[in-house]
Amino acid sequence: MLRPTTDVLVQVLGLTMAHGAQLVQRDLQFDIRHGEVLAIVGPSGCGKSTLLRHLVGLQTPRAGRILYGQDDLYDADDDTVAALRRRFGVMFQAGALWSSMTVGDNVMLPMRLFGSLGPRERALQARFKLALVGLDGCFDLEPSALSGGMRKRAAIARALALDPTLLYLDEPSSGLDPLNAARLDELILRLRDHLATTVVMVTHDIDSAFAVSDRLLYLDEREKTMTALDHPATLLQHGPPTVREFLSRGRSAARLP
Ligand SMILES: Nc1ncnc2c1ncn2[C@@H]1O[C@H](COP(=O)(O)OP(=O)(O)OP(=O)(O)O)[C@@H](O)[C@H]1O
Ligand SMILES: [Mg+2]
């Protein structure tokens with residue numbers, strides 16, 4: 001079994017993010033390590049989804065840099081950025097599927113746009129990705145035939161379409177019942193342990209963050225910067241008071257040891 005290593009995949013250096021005149025977060029400094037699950041948590045509105053948009057190249061930093069290896073995501077040529085983007089899969093918070101296409105076509109879309117497989121292989125791969133998220137048999141369905149939780153999982157299957165080395169997930173377990181949330185945790189651990197996928201997961205689900213993450217990054221809404229980055233259990237014991245309170249309140253009694 002592959003274990004997390006300390007190889008750095010991404011370096012976030014002095015990142016400041018803003019929407020117009022509104023500062024969202026400043027001076028973020030952290031790395032994303034090969035083979036880890038990094039959870040990004042913090043109160044609603046603190047800037048988690050904004051950070052994800054910056055990490056995938058959709059929103060330009062107000063200040064600072066995001067390096068993938070030696071390449072600056074916001075200062076590299078178009079070909080380099082396109083090649084970088086092909087290495088990661090993204091599921092946004094809204095996780096929308098195209099309603100005009102079947103579930104299978106949704107999952108195959110990134111393969112059609114960016115992959116090199118023929119139609120038969122694309123269909124095989126899409127069925128495999130759907131099976132991974134527990135949606136075998138949904139290939140030919142319209143998205144409207146799926147429940148909210150199933151749509152979420154289909155969006156995760158689409159994010160996995162190109163076998164990403166780095167998977168970004170924004171609130172993957174929201175809207176899932178406890179059983180499916182636990183299954184999602186298992187899927188994330190399987191991706192990490194068997195496929196060496198690095199996973200960056202924004203989540204409100206503190207139980208899930210404890211179950212799967214190697215490190216947890218806390219974005220403080222008052223300080224407007226990160227105030228903790230460490231193993232979740234370490235932060236629960238020794239983190240700053242706000243972080244300890246946030247984590248202990250977020251843990252449900254059901255999953256406490
Ligand atoms: N497109 C936008 N234009 C202007 N302001 C925005 C935009 N998107 C987000 N914001 C603001 O930026 C701040 C951070 O929003 P963001 O969506 O990143 O928070 P979040 O931590 O993901 O919240 P949640 O946990 O509710 O998803 C909020 O104050 C929000 O109102
Ligand atoms: Mg969000």
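Below: a short report on this structure. Not measured: the values here are computed from a predicted model. (Residues numbered from 1 in each chain as written. Chains lettered and ligands numbered in written order. Predicted model: local features only at pLDDT ≥ 70, side-chain atom pairs only at ≥ 80, totals over all residues.)

1. Description of the overall build of the protein chain
Looking only at helices and strands, one finds nine helices and 10 strands in the protein chain. Rg of the C-alpha trace for the protein chain: 18 Å, near the compact-globule value of 18 Å for 257 residues, within the 12% margin. Counting over 257 residues, the protein chain shows a buried share of 40%. Look at the contacts in the protein chain between residues 6 or more apart in sequence, and 66% of them connect residues 24 or more apart. (Helix = DSSP H or I, 4+ residues; strand = E, 2+ residues; numbered from the N terminus. Rg over C-alpha atoms; globule rule 2.2 N^0.38 Å. Buried ≥ 20, exposed ≤ 12 C-beta atoms within 10 Å, placed from the backbone. Contact = placed C-beta atoms within 7 Å.)

2. Some remarks on the sheet that holds strand β6 (residues 88–91)
With mixed pairing, six strands are arranged side by side in an open sheet as β6-β7-β8-β3-β9-β10. Two strands lie at the open edges of the sheet, namely β6 and β10 (225–230), each paired on one side alone. Strand-to-strand twist of the sheet, defined as the mean angle between neighbouring strand axes without regard to direction, takes the value 15°. As judged from the four bridges shared by strand β3 (residues 37–41) and strand β8 (residues 198–202), these two strands associate in the parallel manner. (Pairing = 2+ DSSP bridges. Axes fitted to C-alpha atoms, helices over the stretch in contact; angles between N-to-C directions.)

3. Brief notes about the environment of S116
For S116, the position within the fold is in the loop between α3 (103–114) and α4 (119–132). Since 7 C-beta atoms lie within 10 Å of it, S116 is described here as exposed. Put simply, S116 and V90 are 26 residues apart on the chain and 19 Å apart in space, counted from C-alpha to C-alpha.

4. Structural notes on the sheet that holds strand β1 (residues 8–19)
Within a beta sheet, neighbouring strands are joined by backbone hydrogen bonds and run either parallel or antiparallel to one another. Spatial ordering of the open sheet is given by β2-β1-β4-β5, a layout of four strands whose pairing is antiparallel. What marks the edges here is a single partner per strand, and that holds for β2 (22–33) and β5 (71–72). Where β1 lies against strand β4 (residues 63–68), five bridges are found, and the strand directions are antiparallel. Among the inter-strand pairings, Q11 is bridged to a residue of β4, identified as L67.

5. Considering the pairing of strand β9 (residues 215–220)
Counting buried positions over the six residues of β9 gives five, a clear majority of the element. Bridge count for β3 against β9 is four bridges, and the pairing is parallel. Looking at β9, one finds that A39 is bridged to L216. Two strands pair when backbone bridges link them, and β9 and β10 are joined in this way by five bridges, in the antiparallel orientation. Across the sheet, the residue bridging to L217 is L229, located in β10. Between β9 and the antiparallel strand that follows it, β10, lie four residues; K224 among them carries a positive phi value of about 55°.

6. Examining the site of ligand 1
In the neighbourhood of ligand 1, the contacting residues comprise H19, V24, S44, G45, C46, G47, K48, S49, T50 and Q93. Top element by residues in the shell around ligand 1 is helix α1 (residues 48–55). It accounts for three residues. Residue classes in the shell around ligand 1 are distributed as two nonpolar, seven polar and one charged. (Near = placed C-beta within 6 Å. Nonpolar A, V, L, I, M, F, W, Y, C, P; charged D, E, K, R; others polar.)

7. Let's talk about helix α9 (residues 241–250)
When we look at burial in α9, the residues that qualify are V243, F246 and L247. Each buried residue of α9 lies within a common arc of 90° when the element is viewed along its axis, so the set occupies one face. In α9, the exposed positions angled more than 90 degrees off the buried face are occupied by P241, E245, S248 and R249. Against the buried residues of α9 lie α7 (206–212), β9, β10 and α8 (232–238). (Arc of directions from axis to C-beta.)

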